[in-house]
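Here is how the chains run, residue by residue.
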Amino acid sequence: FAVASGALYVIGTLATTGLPDRHGPKPVIAAGLATGVVAVVVIAAAPTFGVALVGKGLAGIASSLTFVAGARYIAGLYGARRSHMALGFYGGGYPLGGALALALMPRFAAATGDWRGAFWVEAALVAACLGLWLLATPVAPVPRRGSIRDAFRCLNCWWAGVQHSGFAVATAAGAWISLFLLREFDLPLAAAGALGSLLLFVTTVMRPFGGWLVARRTLRTRQAMALGNGLIIVGVVLLGLPGRPLAVALAGAVLLGIGGGLPYASVFNTAAASLRDAPA
């Protein structure tokens, strides 16, 4: 189920990455949010697993439209005053959404009587986000001379992509950690969801904080990346220790969240600066 979303996200990102530079980021983000509403509605109304899978694929496309465009919106909004902290706040929205889903979806399901009801509530929330986004300040497109083919030839862009895999570890861990806590420590579902969301909440806080540290030159970009990688490794080790108590597992989740959040702005600003002809 998750692979369908992830695969279409990758394909969609490679195919649509130039749209924010050509048409401006605001309409592209609006299209992504609208696609997200449709995706959740399809999942909520799906009569079969196959239809739900289509909805999950649409969610991947929605994410591919919004993710890069959001970073370009921040760059366009600040221009020469590009803000690491602002990009960190933007990036923090992704794990925050995941954390809220882990914590609230079981409660929505209980309140509405089933999981379909929870997805209908989610669709309404995404639609509300779309409505708020339409009120945002528009940003002019940034004409680009390059393309995704130029990015494939940019070695530093590939290194940024390798660094980005650390974020994927934190995101993937956030997706399964509630089930991990449920099975390993026999916690109630609501408690496992609440404690599991801690990882993503920490990531949310650390993304703007990491940007702030780089902006004030407390950390250099490469230092932030190296520190983030080290913390991810320690966090995964603590989670994987056999027979670890709950407190140690939660400490590992916190370290994983810090490592997945701290270098966020550094990675994406480095990637954009590495290929100025095609920053998106």
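Residues numbered from 1 in each chain as written. Predicted model: local features only at pLDDT ≥ 70, side-chain atom pairs only at ≥ 80, totals over all residues. Heavy atoms only, no water.

Asks: For this particular structure, what's the right way to read the confidence of the model for the protein?
Replies: Close inspection of predicted coordinates is inappropriate for parts of the model with low pLDDT. Considering every residue of the protein, the mean pLDDT works out to 87; 97% of them sit at 70 or more. Confidence, expressed as mean pLDDT per element, reaches its minimum in the protein at helix α1 (residues 2-16) with 79 and its maximum at helix α3 (residues 25-45) with 96. (pLDDT = per-residue confidence, 0-100. Helix = DSSP H or I, 4+ residues; strand = E, 2+ residues; numbered from the N terminus.)

Asks: Which parts of the structure should I look at to understand the packing of helix α8 (residues 155-185) against helix α10 (residues 221-240)?
Replies: For any two helices packed against each other, one specifies the inter-axial angle together with the distance between the axes. Relative orientation of the contacting elements α8 and α10 amounts to 30°, with a least axis distance of 10 Å. The angle between α8 and α10 places the two elements in the roughly parallel class. Considering the relative orientation of α8 and α10, their crossing is left-handed. Residues Gln163, Gly166, Val169, Trp176, Ile177 and Phe180 of α8 pack against Met225, Asn229, Ile232, Val236 and Leu239 of α10. (Axes fitted to C-alpha atoms, helices over the stretch in contact; angles between N-to-C directions. Parallel < 35°, antiparallel > 145°, perpendicular 65-115°, else oblique. Left-handed = near helix turned anticlockwise from the far one by under 90°. Contact = heavy atoms within 4.5 Å.)

Asks: Please explain the layout of surface pockets as it appears in this structure.
Replies: To locate leftover empty space, one rolls a probe as large as a water molecule over the atoms. Roughly 230 Å³ of internal volume is contained in the second largest pocket. Lining the second largest pocket we find Asn156, Trp159, Ala160, Val162, Gln163, Ser165, Gly166, Thr221, Arg222, Met225, Asn229 and Thr270. Of all the elements in the fold, those that place two or more residues in the lining of the second largest pocket are α8 and α10. Residue contributions to the lining of the second largest pocket peak at seven residues, all from α8. Considered class by class, the residues forming the lining of the second largest pocket number four nonpolar, seven polar and one charged. (1 Å grid on protein atoms, 1.4 Å probe; cavity = no way out; pocket = protein on both sides within 12 Å on 5 of 7 lines; lining within 4 Å. Points joined across faces, edges and corners; volume = space filled by probe spheres on them. Nonpolar A, V, L, I, M, F, W, Y, C, P; charged D, E, K, R; others polar.)

Asks: Looking at this structure, how should I read the nonpolar core?
Replies: Note that soluble globular proteins tend to have their nonpolar side chains buried in a common cluster. If you look at the biggest cluster of nonpolar residues, it comprises 18 residues, and the most contacted ones within it are Ile177, Phe180, Leu181, Phe185, Leu199, Leu239 and Leu256. Broken down by secondary-structure element, the contributors of at least two residues to this core are α5 (84-112), α8, α9 (189-215), α10 and α11 (246-261). Looking at this core element by element, the count peaks at six residues for α8. Core analysis: the next-biggest nonpolar cluster, separate from the first, contains 14 residues, Val68, Ile74, Phe167 and Met225 among them. (Core = buried A, V, L, I, M, F, W, Y, C linked by side-chain atoms within 4.5 Å. Buried < 20%, exposed > 50% of the residue type's maximum accessible area, 1.4 Å probe, protein only.)

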